[in-house]
Amino acid sequence: MLGAVPKKEVFALLDYFYSQGGNFIDTANNYQDEQSELWIGEWLASKTKDPNEPNFRDQVRLLLSSLASSV
């Protein structure tokens, strides 16, 4: 793994990214041993809990790549 960043800081970075108009996230299954995809999913799931609000997930676009590693 490359440099470790705590989940709380990752969520803060994603919140800032979104607050500044960011809405496109590119990730792949081999980034941080799939941890990046898991945390992005948790971040998205944590955003909209009120059924009267628009679905936050509909506001963000994800590009998920599956990259096979060669042995």
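Our structure's up above, just so we're on the same page.
Novice: Which parts of the structure should I look at to understand the overall build of the chain?
Specialist: A tally of helices and strands in the chain yields two helices and two strands. Counting from the amino terminus, the chain carries its helices and strands in the arrangement α-β-α-β. Contacts in the chain between residues far apart in sequence, at least 24 positions, make up 67% of those at least 6 positions apart.

Novice: Sorry, what's going on with the pattern of salt bridges here?
Specialist: Pairs may arise between side chains of opposite charge once their charged atoms sit close together. Within this structure, the stated rule accounts for two salt bridges. A salt bridge links Asp 15 to Lys 47; the shortest N-O distance between them is 2.8 Å. A residue pair is termed long-range when its members are at least 10 positions apart, and Asp 15 in helix H1 (residues 7-19) and Lys 47 in helix H2 (residues 35-47) qualify at 32 residues. What makes Asp 15 partly exposed here is its relative accessible area of 32%.

Reading the values: rules and limits
- Residues numbered from 1 in each chain as written.
- Predicted model: local features only at pLDDT ≥ 70, side-chain atom pairs only at ≥ 80, totals over all residues.
- Heavy atoms only, no water.
- Helix = DSSP H or I, 4+ residues; strand = E, 2+ residues; numbered from the N terminus.
- Contact = heavy atoms within 4.5 Å.
- Salt bridge = Lys/Arg side-chain N within 4 Å of Asp/Glu carboxyl O.
- Buried < 20%, exposed > 50% of the residue type's maximum accessible area, 1.4 Å probe, protein only.

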